[in-house]
Amino acid sequence: MKVLHIPCLDDNYSYMIIDENTKEAAVVDPVEPHKVLRVAEENEVDLKFVLTTHHHWDHAGGNDKIKQLVPGIKIYGGSVDNVRGCTDKVENGDKVSLGADISILSLHTPAHTKGHISYYVTDKEGEDPAVFTGDTLFIAGCGKFFEGTAEQMYQSLCVTLGSLPKPTRVFCGHEYTVKNLQFALTVEPDNAKIAQKLAWAEHQRRVGLPTIPSTIQEEFESNPFMRVDLPELQHKVGCKSPVEALREIRQRKDNWKG
């Protein structure tokens, strides 16, 4: 299984997932279809379907166009998210296969939108798993709660995504990592992992490289929103429960002028 980054708009990423044995591919959130098709041509792959994480324009806005450009392509999207151009609605636990070996599991991860889906992708050995988290989980951050609650985001981040294998690679919807880590340091100024990752992320961006993927393990080490189960973090933000801490940190982030 191969994953290609396709930078789109100002700071979005689409991703192409390729089954290297069959040269079949799927694309996550193809907001700029012409870019996506160019990458498909360069890699000589057959584009089979689209995986849409949520209904926001900068993720689903290319779906109608890609349907015109690739007749018969399937568009998967969350059953309650009213995704533009959707041909096949998915719910938590639904599986889709790609090529000979790749399995894609739909995980309902609401809060940013009501029907947000993250896609957990494995090959036949179950090795090198990856999860495409849209705007639910960012590297060192999380999405704003536009259509949900802190309770839902806690469930999405710390339970649903947090229970994936620790080495799972995290591919998120935006290049927000440097700002997210700068904010994370305001929550945990003495967390060396955050400081180290920030230095690395700043270097990546200086030389024009992505900061993505991370891993679930790294997120537990440096993402304040995934560390809210830790009593010491709750204490730092003056809260007594994980959900209360998550709500408090999200409010601080919303008001942060970094």
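In the block above lies the structure referred to throughout.
Predicted, not measured: the structure shown is a model, and the values here were computed from it.

> Looking at this structure, how should I read the sheet that holds strand β14 (residues 214-215)?
In a beta sheet, neighbouring strands are held together by backbone hydrogen bonds and run either parallel or antiparallel to one another. Pairing in this open sheet of six strands is mixed, and the strands run β7-β8-β9-β10-β13-β14 from one edge to the other. Only two strands of the sheet have a single partner each, and these edge strands are β7 (95-98) and β14. Alignment of strand β13 (residues 169-172) against β14, held across two bridges, turns out to be antiparallel. Its bridge partner being in β14, V170 is matched across the sheet by S214. Its contacts with the sheet place helix α4 (residues 150-161) against β8 (102-108), β9 (117-122) and β10 (130-134), and it is angled at close to 145 degrees to β8.

> Just to check I follow, could you spell out unusual backbone geometry for this structure?
Peptide bonds are, in most cases, trans, and in most cases residues other than glycine have a negative phi. Cis geometry is adopted by the peptide bond preceding P213, which originates at I212 and carries an omega value of 10 degrees. Along the chain, P213 falls in the loop between α6 (192-206) and β14. With a phi close to 60 degrees, K23 is a non-glycine residue in the positive phi region. Relative to the helices and strands, K23 resides in the loop between β2 (12-19) and β3 (24-28). Within the chain, N82 stands out as a residue other than glycine whose phi angle is a positive 50 degrees. Take N82: it is sitting in the loop between β5 (74-78) and β6 (88-90).

> Help me understand the environment of G162, please; the structure alone is not making it clear to me.
Within the secondary structure, G162 sits in the loop between α4 and β13. Taking the C-alpha atoms as reference points, G162 and S14, 148 residues apart in sequence, are found 23 Å from one another. Aside from chain neighbours lying at most four places away, what touches G162 is L157, I216, F220 and M226.

> Sorry, what's going on with the pairing of strand β1 (residues 2-8) here?
Sheet topology places β1 next to β2; seven bridges connect them, and they run antiparallel. Considered in β2, the bridge of C8 is made with N12.

> Explanation requested: the pattern of salt bridges in the structure shown.
Two side chains of opposite charge can pair, provided their charged atoms sit close to one another. By the definition in use, this model includes twelve salt bridges. The salt bridge partner of K124 is D101, with a shortest N-O separation of 3.8 Å. With K124 in the loop between β9 and β10 and D101 in the loop between β7 and β8, the pair connects residues that are 23 residues apart, well separated along the chain. Between E248 and R252 there is a salt bridge, with the nearest N and O atoms lying 2.8 Å from each other.

> Which parts of the structure should I look at to understand the packing of aromatic side chains?
Within this structure, the stated rule accounts for seven aromatic pairs. Considering the side-chain rings of Y15 and F171, the 5.2 Å spacing of their centres and the 70 degrees angle between planes classify their relative orientation as edge-to-face. Of the two residues, Y15 sits in strand β2 while F171 sits in strand β13, which places them 156 residues apart along the sequence. Across the pair, F171 and Y15 agree in class, each one buried. With a centroid separation of 4.9 Å and 65 degrees between ring planes, the pair formed by F138 and Y176 is classed as edge-to-face. Remark: Y176 occurs in the loop between β13 and α5 (177-187) and F138 occurs in strand β11 (residues 137-138); sequence separation between them is 38 residues. F138 gets classed as buried once you look at its relative accessible area, which sits at 5%. In this structure Y176 comes out as partly exposed when scored by relative accessible area, which is 31%.

How each quantity is defined
- Per chain, residue numbering runs from 1 following the sequence as it is written.
- For a predicted model such as this one, the threshold for reporting local features is a pLDDT of at least 70, and the threshold for listing and counting side-chain atom pairs is 80 or more; totals across whole chains, interfaces and linings nevertheless cover every residue.
- Excluding hydrogens and water, the side-chain values take into account all heavy atoms of the structure.
- Strands were regarded as paired on the criterion that DSSP finds at least two bridges between them.
- Secondary structure is summarised from DSSP: a helix means a run of H or I of at least four residues, a strand means a run of E of at least two, and numbering begins at the N terminus for each.
- Contacts between residues were defined by any pair of non-hydrogen atoms, one from each residue, lying within 4.5 Å.
- Fitting a line to C-alpha atoms yields each axis, with helices limited to the stretch in contact; the angle taken between N-to-C directions then spans 0 to 180 degrees.
- The working definition used for a salt bridge is a side-chain nitrogen of Lys or Arg within 4 Å of a carboxyl oxygen of Asp or Glu.
- Ring geometry is summarised as follows: Phe, Tyr and Trp rings, the Trp one being its six-membered ring, pair when their centres sit within 6.5 Å, and such pairs are stacked at plane angles under 30 degrees, edge-to-face over 60 and tilted between the two.
- Residue burial is assigned from relative accessible area. The probe radius is 1.4 Å, only protein chains are included, and a residue is buried under 20% of its type maximum, exposed over 50%, and partly exposed in between.

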